[in-house]
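Letter by letter, the chains look like this.
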Amino acid sequence: EVQLVESGGGSVQARGSLRLSCTASGLTFDDSDMAWYRQGPGDDCELVSSISAAGTTYYAITVKGRFTISQDNAKNTVYLQMNSLEPEDTAVYYCAAGPTPIQALRAICPRPEYNYWGQGTQVTVSS
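Rules used throughout
- Residues numbered from 1 in each chain as written.
- Predicted model: local features only at pLDDT ≥ 70, side-chain atom pairs only at ≥ 80, totals over all residues.
- Heavy atoms only, no water.
- Helix = DSSP H or I, 4+ residues; strand = E, 2+ residues; numbered from the N terminus.
- Buried < 20%, exposed > 50% of the residue type's maximum accessible area, 1.4 Å probe, protein only.
- Pairing = 2+ DSSP bridges.
- Axes fitted to C-alpha atoms, helices over the stretch in contact; angles between N-to-C directions.
- Salt bridge = Lys/Arg side-chain N within 4 Å of Asp/Glu carboxyl O.

A. Region of the structure containing unusual backbone geometry. With an omega of -5 degrees, the peptide bond running from Gly98 to Pro99 counts as cis. Checked against the element boundaries, Pro99 lands in the loop between β9 (91-98) and β10 (116-117). The residue after Cys109, namely Pro110, is reached through a cis peptide bond having omega 0 degrees. Here Pro110 is to be found in the loop between β9 and β10. The backbone phi angle of Arg15 is positive, close to 75 degrees, even though this residue is not glycine. Examined against the element boundaries, Arg15 turns out to sit in the loop between β2 (10-13) and β3 (18-25). Owing to a relative accessible area of 70%, Arg15 belongs among the exposed residues under this scheme. At Asn76, a residue that is not glycine, the phi angle is positive and equals roughly 50 degrees.

Pasting the structure below:
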């Protein structure tokens, strides 16, 4: 059984930082791509960042240069370091493992592009 558990969310002021953690069980990073999604109020579920089993990374244009994804194989944990946070970053952030070849069939999280999802952690950025 695969389980993903996020932590590290909270409330910060604009230009502040947070680090999200996602601890995985029932899978290995050697076999999986990991991703962070987010969904803000009234917004679609958005892919924020991903890291492949080979270590290649992807970032949404809106977070490039501000967010960094990384993983610790020994701890089976993936991180999202978020710097220079903006109010527009306010959202529920989800950890996901996959991917799948399925294109999006829904605009809310969880999206079918990834097999497994955590429960989400709230990030609130105030101006």
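B. Focus on the pairing of β3. The pairing of strand β1 (residues 3-7) with β3 spans five bridges and is classified as antiparallel. By the bridge assignment for β3, Val5 is matched with Thr23. Bridge count between β3 and strand β8 (residues 77-82): six bridges; the pairing is antiparallel. Along β8, the bridge assignment pairs Arg19 with Gln81.

C. Geometry of the sheet that holds β3. Strand order across the open sheet formed by four strands is β1-β3-β8-β7, with antiparallel pairing between neighbours. Pairing within the sheet leaves two strands with one partner each, and these edge strands are β1 and β7 (67-72). Pairs of neighbouring strands in the sheet enclose a mean axial angle of 15 degrees, with direction left out of account. Here β7 runs beside β8; their pairing, made up of six bridges, is antiparallel. Counterpart to Ile69 in the pairing with β8 is Leu80.

D. Representation of the pattern of salt bridges. Enumeration according to the criterion identifies five salt bridges in this entry. Between Glu86 and Arg66 there is a salt bridge whose closest N-O contact spans 4.0 Å. With Glu86 in the loop between β8 and β9 and Arg66 in the loop between β6 (57-59) and β7, the pair connects residues that are 20 residues apart, well separated along the chain. A relative accessible area of 11% means that Arg66 is categorised as buried. With a closest N to O distance of 3.3 Å, Glu113 and Arg111 form a salt bridge. Note on Glu113: relative accessible area 16%, which makes it buried. What you see here is one network of salt bridges that share partners, running through Arg38, Glu46, Arg66, Glu86 and Asp89.

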